[in-house]
Amino acid sequence: MVNRLSPRDAMYYFLDESGSTTHLGALLILDPQGSDATASRSSRSTKTADTGAKKSPSARATPDAGSERPTVLPLDYPRLVALVENRLQLVPRYRQVVREVTLGLARPVWVDDPDFDINFHIRRSGLPRPGDTAQLQDLISRVMSRPLDRTRPLWEMYLIEGLPDGRLAILTKTHRCLVDGGGAREISEVICDETRAVEMLAEDLWMPGAPPGTAHLALGALAEALSRPGDLVDSVVHGNSIIADIRGTAEGALRRVGNVVQQITDSAPSSPLNSATTSTRSFAVASVPRRGCAKIADRYDCTVNDVELAIISGVMRRWMLSYDESVRAGDTVRVVLPLSARDPAVERRAESDGRWITVGKPSFVTDLPVGEDNPTVRLAQVAGLANRYAQSSRRLSMGPQPLLPELGVVPFPELSSRAFRSLNRRNYNVPVAMGTTPVAAKYVGSCVVTQMYAIPTLMAQRALAITITDYHDNLQFAFIADRGVMSDLPALTEYVTESFEELLVTK
(Lines give C-alpha, C1' and ligand atoms only; values in the text may rest on other atoms or scores of the structure.)
Protein backbone atom coordinates (compact mmCIF):
# COMPACT_ATOMS: atom_id res chain seq x y z
CA MET A 1 0.00 0.00 0.00
CA VAL A 2 1.55 3.29 -1.11
CA ASN A 3 1.41 6.46 0.96
CA ARG A 4 0.24 9.32 -1.24
CA LEU A 5 0.73 13.00 -0.69
CA SER A 6 -2.41 14.73 0.49
CA PRO A 7 -4.08 17.06 -2.04
CA ARG A 8 -2.58 20.11 -0.27
CA ASP A 9 0.88 18.54 -0.08
CA ALA A 10 0.73 17.72 -3.78
CA MET A 11 -0.36 21.28 -4.54
CA TYR A 12 2.67 22.73 -2.75
CA TYR A 13 4.97 20.19 -4.38
CA PHE A 14 3.83 21.22 -7.87
CA LEU A 15 3.89 24.94 -7.04
CA ASP A 16 7.69 24.96 -7.19
CA GLU A 17 9.01 26.73 -10.25
CA SER A 18 12.12 28.58 -11.37
CA GLY A 19 10.97 31.85 -9.77
CA SER A 20 9.42 30.43 -6.62
CA THR A 21 10.09 27.57 -4.23
CA THR A 22 7.74 26.67 -1.43
CA HIS A 23 10.24 25.95 1.31
CA LEU A 24 10.30 27.49 4.76
CA GLY A 25 12.56 27.16 7.79
CA ALA A 26 13.88 28.59 11.02
CA LEU A 27 16.92 30.42 12.31
CA LEU A 28 18.05 29.57 15.85
CA ILE A 29 20.83 31.57 17.52
CA LEU A 30 22.61 29.54 20.23
CA ASP A 31 24.77 30.68 23.11
CA PRO A 32 26.85 27.75 24.42
CA GLN A 33 27.75 29.79 27.52
CA GLY A 34 24.27 31.13 28.21
CA SER A 35 22.82 30.47 31.65
CA ASP A 36 19.52 28.80 32.45
CA ALA A 37 18.35 32.04 34.05
CA THR A 38 18.89 33.80 30.72
CA ALA A 39 16.98 31.11 28.86
CA SER A 40 14.02 31.11 31.20
CA ARG A 41 13.62 34.88 31.13
CA SER A 42 10.73 34.62 28.68
CA SER A 43 8.86 31.65 30.12
CA ARG A 44 7.98 29.73 33.22
CA SER A 45 9.45 26.34 33.99
CA THR A 46 7.62 23.61 32.11
CA LYS A 47 7.72 19.87 31.99
CA THR A 48 9.30 18.15 29.02
CA ALA A 49 6.67 17.46 26.40
CA ASP A 50 5.69 13.84 25.90
CA THR A 51 7.04 12.84 22.50
CA GLY A 52 5.27 9.49 22.33
CA ALA A 53 8.63 7.71 21.96
CA LYS A 54 10.62 5.97 24.67
CA LYS A 55 13.61 7.79 26.06
CA SER A 56 16.97 6.12 26.16
CA PRO A 57 18.11 4.93 29.58
CA SER A 58 21.48 6.42 28.72
CA ALA A 59 20.07 9.93 28.30
CA ARG A 60 22.42 12.35 30.04
CA ALA A 61 20.89 13.97 33.11
CA THR A 62 21.77 17.45 34.36
CA PRO A 63 21.29 19.11 37.73
CA ASP A 64 18.23 21.22 38.47
CA ALA A 65 18.27 24.93 37.68
CA GLY A 66 18.87 25.73 41.33
CA SER A 67 21.98 23.56 41.64
CA GLU A 68 25.49 24.11 40.38
CA ARG A 69 25.58 24.90 36.69
CA PRO A 70 26.68 21.87 34.63
CA THR A 71 29.56 21.90 32.20
CA VAL A 72 28.19 22.45 28.70
CA LEU A 73 29.80 20.44 25.93
CA PRO A 74 30.31 22.47 22.75
CA LEU A 75 27.77 21.80 20.03
CA ASP A 76 29.88 20.72 17.11
CA TYR A 77 28.97 19.10 13.81
CA PRO A 78 29.21 15.44 14.96
CA ARG A 79 27.01 16.11 18.01
CA LEU A 80 24.41 17.89 15.88
CA VAL A 81 24.34 15.03 13.37
CA ALA A 82 23.90 12.49 16.19
CA LEU A 83 21.08 14.53 17.71
CA VAL A 84 19.20 14.92 14.42
CA GLU A 85 19.71 11.25 13.55
CA ASN A 86 18.21 10.27 16.89
CA ARG A 87 15.15 12.54 16.44
CA LEU A 88 14.35 11.60 12.81
CA GLN A 89 12.15 8.75 14.08
CA LEU A 90 9.67 11.48 15.11
CA VAL A 91 9.45 12.82 11.53
CA PRO A 92 9.65 9.82 9.15
CA ARG A 93 8.96 12.02 6.10
CA TYR A 94 12.47 13.46 6.50
CA ARG A 95 13.90 10.14 5.26
CA GLN A 96 11.55 9.85 2.31
CA VAL A 97 11.51 11.22 -1.23
CA VAL A 98 8.58 12.19 -3.43
CA ARG A 99 7.94 9.98 -6.45
CA GLU A 100 5.59 11.18 -9.19
CA VAL A 101 3.20 8.78 -10.94
CA THR A 102 3.38 8.40 -14.73
CA LEU A 103 0.94 10.63 -16.65
CA GLY A 104 -0.39 12.06 -13.41
CA LEU A 105 -2.61 9.02 -12.88
CA ALA A 106 -2.54 9.70 -9.14
CA ARG A 107 -0.96 12.04 -6.67
CA PRO A 108 2.76 11.48 -5.96
CA VAL A 109 3.77 9.04 -3.23
CA TRP A 110 6.18 9.07 -0.29
CA VAL A 111 8.97 6.52 -0.74
CA ASP A 112 11.87 5.66 1.57
CA ASP A 113 15.15 7.02 0.24
CA PRO A 114 17.36 3.95 -0.28
CA ASP A 115 20.47 6.16 -0.41
CA PHE A 116 19.63 8.38 2.55
CA ASP A 117 22.76 10.25 3.68
CA ILE A 118 22.27 12.48 6.70
CA ASN A 119 25.59 14.22 6.06
CA PHE A 120 24.19 15.49 2.75
CA HIS A 121 21.30 17.16 4.57
CA ILE A 122 23.24 18.58 7.53
CA ARG A 123 25.97 20.96 6.44
CA ARG A 124 28.58 23.09 8.13
CA SER A 125 29.22 26.70 7.29
CA GLY A 126 31.23 29.57 8.74
CA LEU A 127 31.07 33.33 8.63
CA PRO A 128 34.16 35.42 7.94
CA ARG A 129 35.17 37.90 10.61
CA PRO A 130 33.55 39.79 12.23
CA GLY A 131 30.59 37.44 11.72
CA ASP A 132 28.02 40.18 12.13
CA THR A 133 24.28 40.13 11.49
CA ALA A 134 24.63 41.46 7.94
CA GLN A 135 26.94 38.58 6.99
CA LEU A 136 24.59 36.04 8.58
CA GLN A 137 21.60 37.48 6.74
CA ASP A 138 23.50 37.38 3.46
CA LEU A 139 24.38 33.71 3.94
CA ILE A 140 20.76 32.84 4.73
CA SER A 141 19.60 34.79 1.67
CA ARG A 142 21.84 32.69 -0.57
CA VAL A 143 20.78 29.40 1.05
CA MET A 144 17.08 30.20 0.79
CA SER A 145 17.50 31.21 -2.87
CA ARG A 146 18.54 27.70 -3.86
CA PRO A 147 15.85 25.09 -4.58
CA LEU A 148 15.89 21.80 -2.72
CA ASP A 149 17.13 18.68 -4.50
CA ARG A 150 14.00 16.77 -5.55
CA THR A 151 15.88 13.50 -5.86
CA ARG A 152 16.45 13.50 -2.08
CA PRO A 153 14.33 14.15 1.03
CA LEU A 154 13.23 17.77 0.85
CA TRP A 155 15.14 19.40 3.72
CA GLU A 156 18.51 20.84 4.71
CA MET A 157 20.14 22.04 7.92
CA TYR A 158 23.19 24.26 8.42
CA LEU A 159 25.41 24.63 11.48
CA ILE A 160 26.81 28.15 11.14
CA GLU A 161 29.93 29.09 13.09
CA GLY A 162 31.86 32.32 13.41
CA LEU A 163 29.26 34.50 15.14
CA PRO A 164 30.53 36.98 17.77
CA ASP A 165 31.18 35.80 21.35
CA GLY A 166 31.37 32.15 20.35
CA ARG A 167 27.71 31.93 19.42
CA LEU A 168 26.36 29.48 16.84
CA ALA A 169 23.41 29.50 14.48
CA ILE A 170 21.29 26.67 13.11
CA LEU A 171 19.41 27.27 9.87
CA THR A 172 16.77 24.81 8.70
CA LYS A 173 15.16 24.66 5.29
CA THR A 174 12.16 22.39 4.70
CA HIS A 175 9.73 21.99 1.83
CA ARG A 176 6.22 23.09 2.64
CA CYS A 177 4.75 19.69 1.74
CA LEU A 178 6.64 18.11 4.67
CA VAL A 179 4.96 20.20 7.37
CA ASP A 180 1.41 20.83 6.15
CA GLY A 181 -0.30 18.16 8.23
CA GLY A 182 -1.80 19.06 11.60
CA GLY A 183 0.72 17.00 13.57
CA ALA A 184 3.68 17.49 11.23
CA ARG A 185 6.64 19.34 12.73
CA GLU A 186 9.53 21.17 11.15
CA ILE A 187 12.97 19.76 11.93
CA SER A 188 13.95 22.78 14.07
CA GLU A 189 11.05 21.98 16.41
CA VAL A 190 12.17 18.36 16.69
CA ILE A 191 15.75 19.01 17.78
CA CYS A 192 14.84 21.47 20.55
CA ASP A 193 14.50 20.46 24.20
CA GLU A 194 12.68 22.14 27.09
CA THR A 195 15.65 21.73 29.44
CA ARG A 196 19.42 21.74 29.13
CA ALA A 197 19.37 17.94 29.39
CA VAL A 198 19.51 16.30 25.97
CA GLU A 199 16.61 13.84 25.88
CA MET A 200 17.94 11.10 23.62
CA LEU A 201 15.28 8.70 22.35
CA ALA A 202 15.67 4.95 22.32
CA GLU A 203 17.79 3.85 19.38
CA ASP A 204 15.75 3.35 16.24
CA LEU A 205 17.20 0.98 13.63
CA TRP A 206 15.82 2.31 10.37
CA MET A 207 15.99 0.29 7.17
CA PRO A 208 14.54 1.73 3.94
CA GLY A 209 11.80 -0.20 2.24
CA ALA A 210 12.15 -1.38 -1.34
CA PRO A 211 11.19 1.48 -3.70
CA PRO A 212 8.28 0.75 -6.07
CA GLY A 213 8.98 0.80 -9.78
CA THR A 214 7.39 3.18 -12.27
CA ALA A 215 5.11 0.50 -13.71
CA HIS A 216 4.08 -0.61 -10.23
CA LEU A 217 3.04 2.95 -9.31
CA ALA A 218 1.04 3.36 -12.52
CA LEU A 219 -0.73 0.00 -12.17
CA GLY A 220 -1.38 0.72 -8.51
CA ALA A 221 -3.00 4.03 -9.40
CA LEU A 222 -5.30 2.33 -11.91
CA ALA A 223 -6.15 -0.46 -9.48
CA GLU A 224 -6.88 2.11 -6.79
CA ALA A 225 -9.34 3.88 -9.09
CA LEU A 226 -11.05 0.63 -10.13
CA SER A 227 -11.40 -0.45 -6.51
CA ARG A 228 -13.65 2.56 -5.91
CA PRO A 229 -16.30 2.38 -8.65
CA GLY A 230 -18.32 5.14 -6.99
CA ASP A 231 -15.36 7.49 -7.22
CA LEU A 232 -14.77 6.37 -10.81
CA VAL A 233 -18.37 7.25 -11.80
CA ASP A 234 -18.02 10.55 -9.96
CA SER A 235 -14.83 11.25 -11.88
CA VAL A 236 -16.67 10.61 -15.16
CA VAL A 237 -19.42 13.05 -14.19
CA HIS A 238 -17.28 15.61 -12.40
CA GLY A 239 -13.77 14.91 -13.71
CA ASN A 240 -12.17 15.04 -17.16
CA SER A 241 -14.71 13.28 -19.42
CA ILE A 242 -16.91 14.75 -22.17
CA ILE A 243 -19.91 14.59 -19.83
CA ALA A 244 -17.95 16.50 -17.25
CA ASP A 245 -16.95 19.07 -19.86
CA ILE A 246 -20.59 19.77 -20.74
CA ARG A 247 -21.69 19.85 -17.11
CA GLY A 248 -18.68 21.86 -16.04
CA THR A 249 -19.12 24.52 -18.72
CA ALA A 250 -22.29 25.89 -17.16
CA GLU A 251 -21.19 25.45 -13.53
CA GLY A 252 -17.72 26.79 -14.22
CA ALA A 253 -19.06 29.84 -16.01
CA LEU A 254 -21.13 30.82 -12.99
CA ARG A 255 -18.23 30.26 -10.62
CA ARG A 256 -15.86 32.28 -12.80
CA VAL A 257 -18.28 35.19 -13.01
CA GLY A 258 -18.63 35.15 -9.23
CA ASN A 259 -14.87 34.97 -8.74
CA VAL A 260 -14.23 37.81 -11.18
CA VAL A 261 -16.84 40.04 -9.53
CA GLN A 262 -15.40 39.33 -6.08
CA GLN A 263 -11.83 40.01 -7.23
CA ILE A 264 -12.87 43.28 -8.87
CA THR A 265 -14.80 44.49 -5.81
CA ASP A 266 -12.56 43.11 -3.07
CA SER A 267 -9.08 42.61 -4.49
CA ALA A 268 -5.86 43.75 -2.87
CA PRO A 269 -4.48 47.18 -3.82
CA SER A 270 -2.22 47.23 -6.84
CA SER A 271 1.34 47.07 -5.55
CA PRO A 272 4.89 46.09 -6.54
CA LEU A 273 4.54 43.63 -3.66
CA ASN A 274 2.62 41.43 -6.13
CA SER A 275 5.22 41.67 -8.89
CA ALA A 276 6.44 38.66 -10.84
CA THR A 277 9.00 36.94 -8.66
CA THR A 278 12.54 35.80 -9.30
CA SER A 279 14.47 33.01 -7.60
CA THR A 280 16.81 35.26 -5.58
CA ARG A 281 15.94 35.95 -1.97
CA SER A 282 16.84 38.56 0.60
CA PHE A 283 16.52 37.95 4.35
CA ALA A 284 16.55 40.26 7.36
CA VAL A 285 15.62 40.11 11.04
CA ALA A 286 14.73 42.58 13.78
CA SER A 287 13.37 42.45 17.30
CA VAL A 288 11.62 44.72 19.77
CA PRO A 289 11.02 44.18 23.51
CA ARG A 290 7.67 42.57 24.21
CA ARG A 291 7.36 44.52 27.46
CA GLY A 292 7.41 47.79 25.52
CA CYS A 293 4.73 46.48 23.13
CA ALA A 294 2.58 45.42 26.10
CA LYS A 295 2.99 48.92 27.55
CA ILE A 296 1.76 50.43 24.28
CA ALA A 297 -1.17 47.99 24.19
CA ASP A 298 -2.20 48.91 27.75
CA ARG A 299 -1.97 52.62 27.02
CA TYR A 300 -4.24 52.44 23.98
CA ASP A 301 -6.50 49.61 25.17
CA CYS A 302 -5.63 47.19 22.42
CA THR A 303 -3.74 43.90 22.08
CA VAL A 304 -0.08 43.12 21.54
CA ASN A 305 -1.07 41.71 18.13
CA ASP A 306 -2.53 45.13 17.27
CA VAL A 307 0.80 46.72 18.17
CA GLU A 308 2.63 44.18 16.01
CA LEU A 309 0.39 45.05 13.05
CA ALA A 310 0.85 48.77 13.72
CA ILE A 311 4.62 48.29 13.63
CA ILE A 312 4.32 46.46 10.31
CA SER A 313 2.11 49.29 9.05
CA GLY A 314 4.82 51.79 9.97
CA VAL A 315 7.44 49.61 8.28
CA MET A 316 5.44 49.33 5.05
CA ARG A 317 4.67 53.07 5.07
CA ARG A 318 8.37 53.91 5.31
CA TRP A 319 9.25 51.40 2.60
CA MET A 320 6.57 52.77 0.26
CA LEU A 321 7.82 56.32 0.84
CA SER A 322 11.34 55.18 -0.07
CA TYR A 323 10.00 53.32 -3.10
CA ASP A 324 7.48 55.93 -4.26
CA GLU A 325 7.08 59.37 -2.70
CA SER A 326 3.40 59.58 -3.62
CA VAL A 327 1.83 57.74 -0.67
CA ARG A 328 -1.67 59.19 -0.29
CA ALA A 329 -4.06 59.31 2.62
CA GLY A 330 -6.27 56.23 2.44
CA ASP A 331 -3.60 54.00 0.89
CA THR A 332 -3.51 50.49 2.36
CA VAL A 333 -1.51 47.30 2.21
CA ARG A 334 -3.55 44.12 2.47
CA VAL A 335 -2.20 41.34 4.67
CA VAL A 336 -3.37 37.85 5.57
CA LEU A 337 -2.76 36.66 9.14
CA PRO A 338 -3.89 33.84 11.47
CA LEU A 339 -7.44 34.11 12.75
CA SER A 340 -6.25 32.87 16.15
CA ALA A 341 -4.39 36.16 16.61
CA ARG A 342 -7.80 37.84 17.13
CA ASP A 343 -9.21 35.20 19.50
CA PRO A 344 -9.65 36.78 22.96
CA ALA A 345 -9.87 33.30 24.50
CA VAL A 346 -6.20 32.65 23.69
CA GLU A 347 -4.13 33.40 26.78
CA ARG A 348 -0.71 34.79 25.99
CA ARG A 349 1.54 32.64 28.16
CA ALA A 350 4.47 30.39 27.37
CA GLU A 351 3.51 26.82 26.53
CA SER A 352 5.85 23.85 26.57
CA ASP A 353 4.46 22.65 23.24
CA GLY A 354 4.47 26.11 21.65
CA ARG A 355 5.08 26.02 17.92
CA TRP A 356 7.01 28.56 15.89
CA ILE A 357 6.34 26.97 12.49
CA THR A 358 2.57 27.29 12.03
CA VAL A 359 1.03 26.62 8.63
CA GLY A 360 -2.34 25.68 7.24
CA LYS A 361 -4.33 27.54 9.91
CA PRO A 362 -7.57 29.48 9.29
CA SER A 363 -6.71 33.06 8.41
CA PHE A 364 -8.35 36.34 7.54
CA VAL A 365 -7.48 39.31 5.38
CA THR A 366 -7.22 42.84 6.73
CA ASP A 367 -5.90 46.20 5.59
CA LEU A 368 -3.00 48.19 7.04
CA PRO A 369 -3.58 51.98 6.76
CA VAL A 370 -0.14 52.94 5.47
CA GLY A 371 -1.51 56.26 4.20
CA GLU A 372 -2.04 57.50 7.77
CA ASP A 373 0.98 59.45 9.05
CA ASN A 374 -0.06 59.70 12.73
CA PRO A 375 1.18 56.53 14.52
CA THR A 376 -1.51 56.52 17.21
CA VAL A 377 -4.30 57.02 14.72
CA ARG A 378 -2.73 54.29 12.59
CA LEU A 379 -2.76 51.93 15.61
CA ALA A 380 -6.44 52.67 16.29
CA GLN A 381 -7.31 52.05 12.64
CA VAL A 382 -5.31 48.81 12.57
CA ALA A 383 -7.13 47.49 15.66
CA GLY A 384 -10.57 48.52 14.39
CA LEU A 385 -10.10 47.04 10.92
CA ALA A 386 -8.66 43.77 12.27
CA ASN A 387 -11.53 43.34 14.74
CA ARG A 388 -14.11 43.98 12.05
CA TYR A 389 -12.61 41.84 9.31
CA ALA A 390 -11.93 38.90 11.65
CA GLN A 391 -15.74 38.64 11.97
CA SER A 392 -16.43 38.93 8.24
CA SER A 393 -16.99 35.71 6.30
CA ARG A 394 -15.85 37.45 3.10
CA ARG A 395 -12.45 38.11 4.67
CA LEU A 396 -11.85 34.59 6.03
CA SER A 397 -9.28 32.43 4.28
CA MET A 398 -8.21 28.82 4.63
CA GLY A 399 -5.05 29.60 2.71
CA PRO A 400 -4.07 28.12 -0.65
CA GLN A 401 -6.29 25.18 -1.58
CA PRO A 402 -5.90 22.57 -4.33
CA LEU A 403 -8.21 23.18 -7.27
CA LEU A 404 -9.62 19.64 -7.44
CA PRO A 405 -8.87 17.97 -4.09
CA GLU A 406 -11.46 15.22 -4.59
CA LEU A 407 -9.70 13.83 -7.66
CA GLY A 408 -6.80 11.44 -7.35
CA VAL A 409 -5.66 12.30 -10.87
CA VAL A 410 -3.15 15.14 -11.28
CA PRO A 411 -3.35 16.01 -15.01
CA PHE A 412 -0.99 18.68 -16.33
CA PRO A 413 0.33 19.74 -12.89
CA GLU A 414 2.34 22.66 -14.28
CA LEU A 415 -0.71 24.10 -16.05
CA SER A 416 -2.96 23.72 -13.00
CA SER A 417 -0.30 25.27 -10.76
CA ARG A 418 -0.07 28.32 -13.02
CA ALA A 419 -3.86 28.63 -12.95
CA PHE A 420 -3.82 28.48 -9.15
CA ARG A 421 -1.16 31.19 -8.93
CA SER A 422 -3.15 33.42 -11.27
CA LEU A 423 -6.34 33.08 -9.20
CA ASN A 424 -4.53 33.54 -5.89
CA ARG A 425 -2.36 36.51 -6.92
CA ARG A 426 -4.59 39.43 -5.96
CA ASN A 427 -6.17 38.21 -2.70
CA TYR A 428 -3.59 40.03 -0.58
CA ASN A 429 -0.22 41.79 -0.77
CA VAL A 430 1.78 40.38 2.15
CA PRO A 431 1.35 37.22 4.27
CA VAL A 432 2.05 37.73 7.99
CA ALA A 433 2.50 34.76 10.33
CA MET A 434 2.38 35.42 14.06
CA GLY A 435 2.12 33.10 17.02
CA THR A 436 -0.72 33.33 19.50
CA THR A 437 1.38 32.44 22.57
CA PRO A 438 5.01 32.99 23.58
CA VAL A 439 7.38 30.09 22.91
CA ALA A 440 8.92 28.62 26.06
CA ALA A 441 12.69 28.55 26.50
CA LYS A 442 14.46 26.08 24.20
CA TYR A 443 17.83 24.32 24.09
CA VAL A 444 19.68 22.48 21.33
CA GLY A 445 22.37 20.06 22.43
CA SER A 446 22.51 21.73 25.90
CA CYS A 447 23.01 25.16 24.31
CA VAL A 448 20.57 27.96 25.09
CA VAL A 449 18.50 29.24 22.16
CA THR A 450 18.64 33.02 22.64
CA GLN A 451 16.94 34.09 19.41
CA MET A 452 14.38 32.33 17.24
CA TYR A 453 13.11 33.41 13.84
CA ALA A 454 10.61 31.54 11.68
CA ILE A 455 11.38 31.85 7.96
CA PRO A 456 8.17 31.89 5.91
CA THR A 457 7.44 30.54 2.46
CA LEU A 458 7.61 33.15 -0.30
CA MET A 459 4.99 32.17 -2.86
CA ALA A 460 4.92 33.23 -6.49
CA GLN A 461 3.56 36.74 -7.12
CA ARG A 462 4.61 37.74 -3.60
CA ALA A 463 7.61 40.01 -3.06
CA LEU A 464 7.57 39.90 0.77
CA ALA A 465 6.55 37.60 3.62
CA ILE A 466 6.81 38.33 7.36
CA THR A 467 6.80 36.25 10.54
CA ILE A 468 6.73 37.33 14.18
CA THR A 469 7.86 34.96 16.94
CA ASP A 470 7.29 35.78 20.62
CA TYR A 471 10.42 34.41 22.30
CA HIS A 472 12.86 35.42 25.01
CA ASP A 473 10.80 38.48 26.00
CA ASN A 474 11.15 39.83 22.48
CA LEU A 475 8.96 40.00 19.42
CA GLN A 476 11.30 38.72 16.73
CA PHE A 477 10.50 39.78 13.16
CA ALA A 478 11.78 37.88 10.12
CA PHE A 479 11.46 39.23 6.58
CA ILE A 480 12.06 37.26 3.40
CA ALA A 481 11.72 39.03 0.07
CA ASP A 482 12.37 38.84 -3.62
CA ARG A 483 15.70 40.60 -4.05
CA GLY A 484 14.66 41.76 -7.52
CA VAL A 485 11.77 43.77 -6.04
CA MET A 486 13.06 44.65 -2.55
CA SER A 487 16.81 45.03 -2.88
CA ASP A 488 16.74 47.35 0.15
CA LEU A 489 15.27 44.78 2.56
CA PRO A 490 17.87 45.39 5.33
CA ALA A 491 16.39 48.88 5.72
CA LEU A 492 13.21 47.26 7.05
CA THR A 493 15.05 46.30 10.25
CA GLU A 494 15.63 49.98 10.97
CA TYR A 495 12.00 50.72 10.11
CA VAL A 496 10.89 48.18 12.75
CA THR A 497 12.82 50.05 15.45
CA GLU A 498 11.57 53.44 14.27
CA SER A 499 7.93 52.27 14.11
CA PHE A 500 8.15 50.77 17.60
CA GLU A 501 9.80 53.85 19.13
CA GLU A 502 7.29 56.29 17.63
CA LEU A 503 4.47 54.34 19.26
CA LEU A 504 6.34 54.10 22.56
CA VAL A 505 7.09 57.83 22.89
CA THR A 506 3.78 59.17 21.52
CA LYS A 507 1.44 60.35 24.26
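Our subject is the structure listed above.
Everything numeric in this text was worked out from a predicted model, so none of it was measured. (Residues numbered from 1 in each chain as written. Predicted model: local features only at pLDDT ≥ 70, side-chain atom pairs only at ≥ 80, totals over all residues. Heavy atoms only, no water.)

Attention now moves to the sheet that holds strand 5 (residues 122–126). Read across the sheet, 6 strands follow the order 5-6-7-2-14-13 without closing on themselves; strand pairing throughout is mixed. Two strands in the sheet have a free side with no partner beyond their single neighbour: strand 5 and strand 13 (443–444). For strand 6 (residues 155–161) and strand 7 (residues 168–175), the ladder comprises 6 bridges, and the chain directions are antiparallel. Pairing of Ile 160 across the sheet is with Ala 169, part of strand 7. (Pairing = 2+ DSSP bridges. Helix = DSSP H or I, 4+ residues; strand = E, 2+ residues; numbered from the N terminus.)

Of all 9 residues making up strand 14 (residues 447–455), 8 are buried, and the element is well covered by its neighbours. Note that strand 2 (residues 23–31) and strand 14 share 7 bridges and pair antiparallel. Of the residues in strand 14, the one forming a bridge with Leu 30 is Val 449. Where strand 13 and strand 14 come together, 2 bridges link them in antiparallel fashion. Paired with Tyr 443 across the strands is Val 448, a residue of strand 14. Connecting strand 13 to the next strand, strand 14, in antiparallel fashion are 2 residues, including Gly 445 with a positive phi near 55°. (Buried < 20%, exposed > 50% of the residue type's maximum accessible area, 1.4 Å probe, protein only.)

Moving on to the pattern of salt bridges. Per the stated rule, a full pass over the model turns up 17 salt bridges. Salt-bridge contacts for Arg 150 lead to Asp 16; the nearest nitrogen and oxygen are separated by 3.4 Å. Of this pair, Arg 150 sits in the loop between helix 5 (133–145) and strand 6 while Asp 16 sits in the loop between helix 1 (7–14) and strand 2, and the two are 134 residues apart along the sequence. Between Arg 334 and Asp 367 there is a salt bridge, with the nearest N and O atoms lying 2.8 Å from each other. One end of the pair, Arg 334, is in strand 9 (residues 333–338); the other, Asp 367, is in strand 10 (residues 363–368), and 33 residues separate them in sequence. A relative accessible area of 7% places Arg 334 in the buried class. Salt bridges here are not isolated pairs; linked through shared partners, they connect Arg 318, Arg 378, Glu 498 and Glu 502. (Salt bridge = Lys/Arg side-chain N within 4 Å of Asp/Glu carboxyl O.)

For the rest of this paragraph, the subject is the sheet that holds strand 4 (residues 109–112). By definition, the strands of a sheet pair up through backbone hydrogen bonds, in either a parallel or an antiparallel sense. Pairing within the open sheet is antiparallel, and its 3 strands lie in the order 1-4-3. Taken across any chain shown, the strands that pair with only one partner, and hence form the sheet edges, are strand 1 (3–4) and strand 3 (96–99). Inspection of the sheet shows strand 1 paired to strand 4 by 2 bridges, in the antiparallel sense. When the sheet's bridge partners are listed, Asn 3 is paired in strand 4 with Trp 110.

What follows deals with the environment of Pro 164. Position of Pro 164 relative to the elements: it lies in the loop between strand 6 and strand 7. Judged by relative accessible area, Pro 164 falls into the partly exposed class, the value being 29%. The contacts of Pro 164, once residues within four sequence positions are left out, are Pro 130 and Gly 131. (Contact = heavy atoms within 4.5 Å.)

Right, let's talk about the environment of Asp 16 for a bit. Along the chain, Asp 16 and Ala 460 lie 444 residues apart, while their C-alpha atoms are 8.7 Å from each other. Ignoring sequence-local partners within four residues, the contact set of Asp 16 consists of Thr 21, Thr 22, Arg 150 and His 175. A polar atom in the side chain of Asp 16 sits 3.4 Å from the side chain of Arg 150. (Polar contact = N/O pair within 3.5 Å; in protein donor to acceptor, adjacent residues only side chain to side chain.)

Further remarks concern unusual backbone geometry. Note on backbone geometry: most residues besides glycine have negative phi, and most peptide bonds are trans. Of note, the bond from Arg 129 into Pro 130 is cis; its omega dihedral lies within 30 degrees of zero at 10°. One can find Pro 130 in the loop between strand 5 and helix 5. Phi at Asp 473 is positive, roughly 65°, even though this residue is not glycine.

Extensive coverage of strand 10 is indicated by the burial of 6 of its 6 residues. Of the two faces of strand 10, the one holding Ser 363, Val 365 and Asp 367 and the one holding Phe 364, Thr 366 and Leu 368 are both buried throughout. As paired strands, strand 9 and strand 10 are joined by 6 bridges and run antiparallel to one another. Opposite Val 333, over in strand 10, you have Leu 368 as the bridge partner.

Within the largest apolar cluster, 51 residues are counted, with the highest numbers of intra-cluster contacts made by Ile 311, Met 316, Leu 464, Phe 477, Met 486 and Leu 492. The dominant element in this core, judged by the number of residues it contributes, is helix 11 (residues 304–323), at 10 residues. If near-sequence neighbours (up to four positions away) are discounted, Met 316 is found in contact with Leu 273, Val 333, Val 370 and Leu 464. Formed by 47 residues, the second largest nonpolar core is a distinct cluster that contains Leu 83, Val 84, Phe 116 and Val 359. (Core = buried A, V, L, I, M, F, W, Y, C linked by side-chain atoms within 4.5 Å.)

Purely geometric stuff here, so don't read any function into it on its own.
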